[in-house]
Every structure is written in structure tokens, then in C-alpha cells.
Amino acid sequence: MSGGLTHRLHRPGDSPVHRLPAHVKVLALLAFVLVVVATPADAFAAFAGYAVLLATAAAMAGVPGTVIARRMVVEVPFVVFALLLPVLAGGPRVDVLGLSLSESGLLAGWNILAKGTLGVVASILLAATTDARSLLVGLARLRVPARLVEIASFMVRYADVVGDDLRRMRIARESRGFAPRHLGHARVVAQGAGALFIRSYERGERVHLAMLSRGYAGSMPLVDATPAARADWLRGTALPAAAVVIAVATWALS
Amino acid sequence: MTTPSLQVSGLAFAYADGHQALFGVDLTVGRGERVALLGPNGAGKTTLVLHLNGILTGGAGSVHVAGLEVRAGDRERLREIRRRVGIVFQDPDDQLFMPTVRDDVAFGPANLGLHGATLDARVEAALAAVGMTEVADRPPHHLSFGQRRRVGVATVLAMEPEVLVLDEPTSNLDPASRRELYDVLDALAVTQLVVTHDLPFALQLCERSVVLSGGMVVADGATADVLADEDLLRAHRLELPYGFDPRSVWR
């Protein structure tokens, strides 16, 4: 088993973006996305400005464009939907390259595409510059309910363990000549999933025992809690603040 | 005479489904002693271990850890008991559940209320004791199985326990990792109770062995003598590896 889930997303580095505390970055991401979403769809200049901001941040963090482009694949279902809108929506129509498209549909499609892409790229930047553990500590610092942080933390820890279980079960099935060919074989795969669930459930019980044995009394100790320096906050707000400036500027000029 | 690390008297226990696992177990482990707990599968070894830190309670008999009686319902006392009894479970993936090794070793002492420099010092000392300082910042799933087992030992050492309880410490280890684990355990001054099927390992590490079978202690003596008793071993489904003669081992 190689890298593991979280290590495939995180790109270790020592850029100014990497060094920012995770909770500052999470808040910056949230603020940036809010500004982007609040921008009217026809403020094209503003979206161009946001894109330049993200490109600058990516360059500072040393995350190559190819990496970002590859990870943007998660957006594909939304892109398909955005591309369908101009064809399916009603209202006045315009001719583009011989196709009759809906004007409002074009704008709505653009709206989804632009805002979605900016949000996805910003999230990719966060994931690439923040390792899973700092992210969890950051969420805890932001007062995200402790239970949710714990659940996320166990997910990070056990995704690979459960993935390994799954892989071993598949190898064991295939070693005994099982090759899924038609839908009837789904039953076997479903039974495998059931067995995996039971195994994981039992593992959960054992982990809980191990936690109790080391004095767990219902809440995780917050191990690392270095507060963010004022300079970090200033650096962290640079991106959303610049986005606000762009938004206000395009609104004032229009 | 000093207070023994562990004193189990007349311990009996039946699970909710009616299966009785322990029938009056008596066991005393002195401070600094290393005792191997041997027995076939289903002998009640795990049930006994889970009584030592009060995960299971409610049967007859009593368990004292360094003089303190394990009592259900008393949270403060249970916390102290769990500090005193450090259990290293068989599967390190159950034992290590935090995102990094350092966090995991800190989990126990942090639950005890330690923080800051004191906590860091505990973690460093525990990792140094098992020779795992250099992996402190790595996620547990990136370590080899033998390394994870040793980190598992560190997670309970960090609580500075009165007694270290190891459940099948050598299972799934390759011979080199097994020897490294032996070196680590042999260098620890703490009282140890080693639950194992690995009879040569018991002979190597522990002066004394206790055989648990059918929920009762059926033998208690010097490991060399217990392992030399062929009738006893056969009667309780214990088996030496092929070609291994405990009398031929130089000690």
C-alpha cells in the first residue's frame, strides 16, 4: 500500500502558503468563496481578477498548474450540467456557431462554471498546502464540534486500513477464480461489502477498547494548539481582501 | 514485602450470553517481575487482561493494581487504574489511531492532564525507550509492522505504568523484528505480563510462566520448568516449535 489518501492530496513544501496556520487558511478559503459566490454572473472582469489571484497564490505555494488541472477532474459532473443549461433553458435565444442557445441559460451555465471552478481551485490549493493533521487541528481551533473533528480524524487514519482490507478481500476472491462478468455477480461483491462493514465495525470496538485503556473519557485531548500570530492573520486575509477589492471595484465601475 | 504490582484473587467472570470464561483465577505478580501468561485459544487470557484495567468487571473476586482495587463506577479510580496498567493490544492498527506517531504517544498522558513541555518530555522519553524517535512525525500507517508494534509499546510507556501488559506481542513479526522487540522489552525495568503462544519468546523474556486453561490457573512456576513438562503442555494444547528443546537453551 503506497502513499495513502491524505498523502496523495498534500504536497509537502515550505512556501509562505504552506507555513500559514491551517485555521487561517480555512477561514481565508471560506471568505474567498463567499466573495466569489456573491459576485453577479455578468461581472466578467471580476472573475478574471479572482483567477489571477488564485494563480498568484498557486505560484507562491509552488503548486504547478498541471497538478491543479489534474485534480479539477472532480468538477466534471458540474461542468456537464453547466454545458447542458444553454441548450435546455428557455427564454430569448442567440445563435452561436449555428446552435440556437438560451441567453439566460448561457449566463447561468457560465455562473456555475466560473464560481465552481474558482471554488474548486481554491480548495485544491488548501489541500495541497496543508497536511491532514494540521487541517484537523485547524478545524478544532475553529471550534468545529469536537465529534465531527474526531470522526474526520478517524477517517483519515483508517481510510487506508479499510482500503487494504478491501484490496485483500478482492485478491482472495480473484485467487479463487472469481471474475465479475455480469450483474448476477454483484451479489458476491455486496456480500464482500457486508463482510467489510462487519470487520470495520469490530475494529471500531477494538479501537474503542484501546482508547479506554489509555484513559479516554469522552473527549480527545487537543495536542497541538499554537495560536496564530497577527502576521499570519494579515497574510491569510490577503487573498480574500484582494477579492473584496476586485468585487467592489468592478461594482463601482459598472 | 513490597506491594505486588498485580494481585488477582478468586476472579470469576461470565459473559452476558452465559459463557463462563474465568473460574476463580489467583495470580500475584511482584514489582519488576516478568511473567508469561500462556494458554490455548479460548483459555480466558484476553478476558483476564481486560479485567486488569477494569474494562470488564462485575464478576466475583478482586483485582488490585499496586494495592489499589479495581472498582467499577468510580471514574477517578478507573482513570488511575488505567494509568497503572498499560495494555498493548495485539493489532497495532487498533492501538494506533491518531494521525501521527507523536500524537498517538501523547494521547494517554494528555488524557491524564499533562500538557506543554511535560507532555513533550514524556513522549520523547517513551519513543526513545523503544528506539522510535525518528518516526515521531510520521503517520502510523507508513511504518512497518514491527515499528508499529514498538510504537504501540511506547504509547503505554508514556503513561509510566506500574505494569505493562502485552497481548501476543510477537504475532505477525518477522524474526528480526521479534528480536528487536525482545531487546526493547528486556531493557525496560517495568513489571511485565506477557500473554503469548510463542513459548521460546516466553522462555527468553520471562523467568516465570503461568498457564491458564479453561478459565483456571493450571501451572505457575519457572518458565524453564513449565516448558520442560511435556504432559502439562500436551494437556493444555501448548506446543513447542519443532526441534525446540527448552532444556538445551543456555540461560
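What you see is a predicted model; the values in this text were computed from it and never measured.

Help me out: how do you make sense of the pairing of strand 4 (residues 60-65) of chain B in this one?
For a regular strand, side chains alternate in direction, first toward one face of the sheet and then toward the other. Residues and elements named next belong to chain B. For strand 1 (residues 6-14) and strand 4, the ladder comprises five bridges, and the chain directions are antiparallel. What sits directly across from Ala12, in strand 4, is Ala60. Once strand 4 ends, the chain turns through two residues before running back antiparallel as strand 5 (residues 68-69), passing Ala66 with a positive phi of about 50°.

Looking at this model, I keep getting lost on unusual backbone geometry. Mind explaining?
Peptide bonds are trans in most cases, and residues, glycine excluded, mostly fall at negative phi. All names here are of chain B. The backbone of Glu168 sits at a positive phi, close to 50°, despite the residue not being glycine. The topology assignment puts Glu168 in the loop between strand 7 (163-167) and helix 7 (175-186). Judged by relative accessible area, which is 8%, Glu168 ranks as buried. Positive phi, normally seen in glycine, also occurs at Asn172, with a value near 65°. Mapping Asn172 onto the fold places it in the loop between strand 7 and helix 7. Judged by its relative accessible area of 67%, Asn172 is exposed.

Please explain the UniProt feature "domain: ABC transporter" (unreviewed entry) in chain B as it appears in this structure.
Those residues carrying the UniProt feature "domain: ABC transporter" (unreviewed entry) are residues 6-239 of chain B in this numbering. Along residues 6-239 of chain B, the helical share is 39% and the strand share 26%, with 27 Å between the first and last C-alpha atoms.

So what exactly am I meant to see when it comes to the interface of chain B and chain A here?
By convention, interface size is frequently given as the accessible area that disappears when the constituent parts associate. At the junction of the two partners, chain B supplies 32 residues and chain A supplies 27 residues. Roughly 2,500 Å² of surface becomes buried between chain B and chain A when both sides are summed, with 58% attributable to carbon and sulfur atoms. On the chain B side of the interface with chain A, the three residues burying the most area are Asp94(B), Phe97(B) and His141(B), jointly 25% of the side's total. Seen at the junction of chain B and chain A, the total is six salt bridges. As a salt-bridge pair, Asp104(B) and Arg214(A) come within 2.8 Å of each other at their nearest N and O atoms. Taken together, chain B and chain A are joined by 13 residue pairs in polar contact (both at pLDDT 80 or more). Counting only elements with at least two residues in the side of chain B that touches chain A, the list comes to helix 2 (75-84), strand 6 (85-88), helix 3 (92-95), helix 4 (101-111) and helix 6 (145-157) of chain B. With seven residues, the top contributor of residues to the side of chain B that touches chain A is helix 4 of chain B. Here the residues of the side of chain B that touches chain A sort into 17 nonpolar, eight polar and seven charged.

Would you explain the UniProt feature "transmembrane region" (unreviewed entry) in chain A in this entry?
Residue and element names in this part refer to chain A. According to UniProt, the positions carrying the feature "transmembrane region" (unreviewed entry) are residues 20-38, 44-65, 72-89 and 109-128. For residues 44-65, the helix share is 86%, the strand share is 0%, and the end-to-end C-alpha distance is 22 Å. Helix makes up 100% of residues 109-128 and strand 0%, whereas the separation of the span's terminal C-alpha atoms amounts to 28 Å.

Would you take a moment to explain the domain arrangement of chain A for this structure?
All names here are of chain A. Along its sequence, chain A is organised into domain 1 (5-138 + 227-253) and domain 2 (145-213). Here the C-alpha centroids of domain 1 and domain 2 sit 34 Å apart. Counting residues at the interface gives four residues for domain 1 and six residues for domain 2. Carbon and sulfur atoms make up 77% of the area that domain 1 and domain 2 hide from each other, which totals about 410 Å². Between the two partners, domain 1 and domain 2, sit zero salt bridges. The tally of links between domain 1 and domain 2 comes to zero residue pairs in polar contact (both at pLDDT 80 or more). Where the side of domain 1 that touches domain 2 is concerned, the elements lending two or more residues are helix 1 (5-9) and helix 8 (132-141).

I'm lost on the sheet that holds strand 8 (residues 191-196) of chain B in this one. Help?
Each strand in a sheet pairs with another by means of backbone hydrogen bonds, the pair being arranged parallel or else antiparallel. All names here are of chain B. Strand order in the open sheet made by the six strands is 6-7-8-3-9-10, with mixed pairing throughout. Single-partner strands in this sheet number two, and they are strand 6 and strand 10 (216-222). Along the sheet, successive strands turn relative to each other by an average axial angle of 20°, direction set aside. Both strand 9 (residues 208-213) and strand 10 contribute to a ladder of six bridges, which runs antiparallel. Its bridge partner lying in strand 10, Ser213 is registered against Met216.

Help me out: how do you make sense of the side chain of Asp167(B) in this one?
Residues and elements named next belong to chain B. Note on placement: Asp167 falls in strand 7. No salt bridge is formed by the buried Asp167, whose closest oppositely charged neighbour, Lys45, lies at an N-O distance of 7.0 Å. Ignoring sequence-local partners within four residues, the contact set of Asp167 consists of Thr46, Val88, Phe89, Gln90 and Val195.

What counts, and where the lines are drawn
- Residues numbered from 1 in each chain as written.
- Chains lettered and ligands numbered in written order.
- Predicted model: local features only at pLDDT ≥ 70, side-chain atom pairs only at ≥ 80, totals over all residues.
- Heavy atoms only, no water.
- Pairing = 2+ DSSP bridges.
- Helix = DSSP H or I, 4+ residues; strand = E, 2+ residues; numbered from the N terminus.
- Buried < 20%, exposed > 50% of the residue type's maximum accessible area, 1.4 Å probe, protein only.
- UniProt positions renumbered as here; feature names shortened; annotations may be inferred.
- Contact = heavy atoms within 4.5 Å.
- Buried area = accessible area lost by both parts, 1.4 Å probe.
- Salt bridge = Lys/Arg side-chain N within 4 Å of Asp/Glu carboxyl O.
- Polar contact = N/O pair within 3.5 Å; in protein donor to acceptor, adjacent residues only side chain to side chain.
- Nonpolar A, V, L, I, M, F, W, Y, C, P; charged D, E, K, R; others polar.
- Domains from an automatic or database assignment.
- Axes fitted to C-alpha atoms, helices over the stretch in contact; angles between N-to-C directions.
- Lys, Arg positive; Asp, Glu negative; His and termini not counted.

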